[in-house]
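# Commentary on secondary and tertiary structure
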Amino acid sequence: MKLAKYTKFREEKFGGVLFETRSEKVYSLNPTAAAVVREITPGVDEQEVVERVKARYLDDGGAIEAEVRAYLAELRHKGLLED
Amino acid sequence: MTQAATDSAVQQVAPAATTAASDLRAPLYVAWQITNECNLACLHCIEESGPGKAFRDELSETEIFGVLAQLMDGEVPYLSFSGGEPMLHARFFEMVEYVCGRGGQLKIETNGHYLSAENCRRLAELGVKAVQVSLDGASRETFNRMRVRGDFDCTVAGIRALAQAGVPIEINYSPTRFNMHEIGAAVDLAHELGAYSFYTGRTMYTGNAVKTWRLLEPSEAQYTAYFSTLRAKSDEYRGRMRVYFHEMGLLEELRYRLVNPAALLIVLPNGLVKLLNALPFVCGDFRRESLADIWARFRRGWQDERVKHFVEDLATNPGKTSELHRWVTL
């Protein structure tokens, strides 16, 4: 799993930004979203991203896994993520 | 993570050109005019570029790579090289190689006259994000009239060479009274040539256009028809090629920018940094200042009363855009 070819991520004090340079759209990320995107690196699969994020936060009733998976699906839908 | 990551985690803010800069630690986009030298002398050129028009004080090779290193260290994700004609710069390919090699996304804005098969192959190999070519006409007659010393066939051949090499292509179109009627055909041509984006807007009264305005100035009726055609073409090519057009006039756009400054630095060939191409204000100098210092000055610059007054004066004196090359240091 990796960010799409034309998508760049940068961390910011408020969380981060994703910049899709082909459409020149910027997506502002809150700290939780930035924490997920930080874990998206080549060779890492979705389950590993989920596990890494779970390891960093208190998983209250297993909600994190569903949230992260939904979020990754949203990134894919927007064309910001490639498997 | 107490908040659902999905409830507001990803939020589209705005296109980059309108993203507020205030909270960001560095620009998102640096548009660098790497030389003012050009092989053409276009009627409308905002930079008054042309043969022999390189600034006498353009940045040296050492200075250029020093700035590029700062931009990459500062995680500026997106750069463009323009001019003048950027491909005339003696270090052009080395600069491209450096930016792409460090993971930057790079767009080249060119008149298309140096897009040989070999150069296109190199651009493809280096991994440029896109090459934007100015194509202000769908016919030889209109293009060559606008692009003095330019050649329509050479530009079209260059675009075909880009497509052949697999380089993503953008087309830019500057409207004038004598080429607006070709806009529909130009969008069709851009698609046939393999472009993925087409950009246009309103031509500004500045640079060379101040001297040639009587030849260029479109009427409002022409603009109405122009944007109507573009709306139809945008629909026609939806999903196949993006057709971007900015109907907003300069005054409206500048008023919007005063409230929502873009996270964009305009770098001139001598290292000076402007708030915006359409404003005369300089907010930094890469010869003397760091990226961090310039970024701080840029953000303060948008709050400067002189900037606000300049924009509001445009409401009663639109001819002030002719002063954009008389730089005012903030």
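Reference entry: report on the structure contained in this document. (Residues numbered from 1 in each chain as written. Chains lettered and ligands numbered in written order. Predicted model: local features only at pLDDT ≥ 70, side-chain atom pairs only at ≥ 80, totals over all residues.)

### Points about the overall build of chain B
Put simply, the rule is: Helix numbering and strand numbering both begin at the N terminus, where a helix is a DSSP run of H or I of at least 4 residues and a strand a DSSP run of E of at least 2. For a compact globule the rule gives 2.2 Å times the number of residues to the power 0.38, and the radius of gyration it is set against comes from C-alpha atoms. Comment: burial labels come from other C-beta atoms within 10 Å of the residue's own C-beta, placed from the backbone, where a count of 20 or more is buried, 12 or fewer is exposed, and between is partly exposed.
The helix and strand tally for chain B stands at 11 helices and 12 strands. Its C-alpha radius of gyration of 20 Å places chain B within 12% of the 20 Å reference for a compact globule of 330 residues. C-alpha atoms of chain B, sized along the principal axes, occupy 55 × 50 × 50 Å. Burial statistics for chain B: of 330 residues in total, 45% are counted as buried.

### Re the sheet that holds strand S2 (residues 29-33) of chain B
Residue and element names in this part refer to chain B. Put simply, the test is: Strand pairing is assigned whenever DSSP identifies at least 2 bridges connecting the two strands.
Strand order in the open sheet formed by 11 strands is S8-S7-S6-S5-S4-S3-S2-S9-S10-S11-S12, and the pairing between neighbours is mixed. Only two strands of the sheet have a single neighbouring strand rather than two, namely strand S8 (242-245) and strand S12 (328-329). Pairing of strand S11 (residues 281-285) with S12 involves 2 bridges; the strand directions are parallel. Each bridged residue has a counterpart across the sheet, and for Phe-281 the counterpart in S12 is Val-328.

### Looking at the pairing of strand S3 (residues 78-82) of chain B
Residues and elements named next belong to chain B. Spelled out, the test is: We call a crossover right-handed when, viewed with both strands directed away from the observer, the connection leading from the first strand over the helix to the second proceeds clockwise.
In terms of residue burial, S3 counts as a mostly covered element, since 5 of its 5 residues are buried. Bridge analysis of S3 against strand S4 (residues 105-110) gives 4 bridges, and the strand direction is parallel. Residue Tyr-78 lies in a different strand from S4, and its bridge partner there is Gln-105. Where the polypeptide runs from S3 across helix H2 (residues 92-101) and back to S4, its parallel neighbour, the crossover connection is right-handed.

### Digging into unusual backbone geometry
All names here are of chain B. A cis amide bond links Gly-83 to the next residue, Gly-84, at an omega of 15°. Its place among the elements puts Gly-84 in the loop between S3 and H2. Within the chain, Glu-48 stands out as a residue other than glycine whose phi angle is a positive 55°. Tracing the sequence through the fold places Glu-48 in the loop between S2 and helix H1 (61-73). Taking the C-beta count within 10 Å as the criterion, Glu-48 has 18 such neighbours and is therefore assigned partly exposed. Residues other than glycine seldom take positive phi values, yet Glu-75 does so here, at roughly 60°. Secondary-structure assignment places Glu-75 in the loop between H1 and S3. Glu-75 gets classed as partly exposed once you count the C-beta atoms within 10 Å, which come to 17.

### Observations concerning the packing of helix H9 (residues 250-259) of chain B against helix H11 (residues 305-316) of chain B
Residues and elements named next belong to chain B. Rule in force here: To get an axis, fit a line to the C-alpha atoms, keeping to the stretch in contact for a helix; angles then go from 0 to 180 degrees between the N-to-C directions. Any angle that falls under 35 degrees is termed roughly parallel, while one over 145 is termed roughly antiparallel, one within 65 to 115 roughly perpendicular, and all others oblique. The crossing is said to be left-handed when, going from far helix to near helix, the turn is anticlockwise and less than a right angle, and right-handed when the turn is clockwise. Contacts are defined on C-beta atoms placed from the backbone: any two residues whose C-beta positions lie within 7 Å are in contact.
Contact geometry of H9 with H11 gives a least axis separation of 9 Å together with a crossing angle of 155°. Accordingly, the angle class assigned to the pair H9 and H11 is roughly antiparallel. Judged by the twist between their axes, the crossing of H9 over H11 is left-handed. Each of Leu-250, Leu-251, Leu-254, Arg-255 and Leu-258 in H9 lies in contact with H11, whose residues at this interface are Lys-308, Val-311, Leu-314 and Ala-315.

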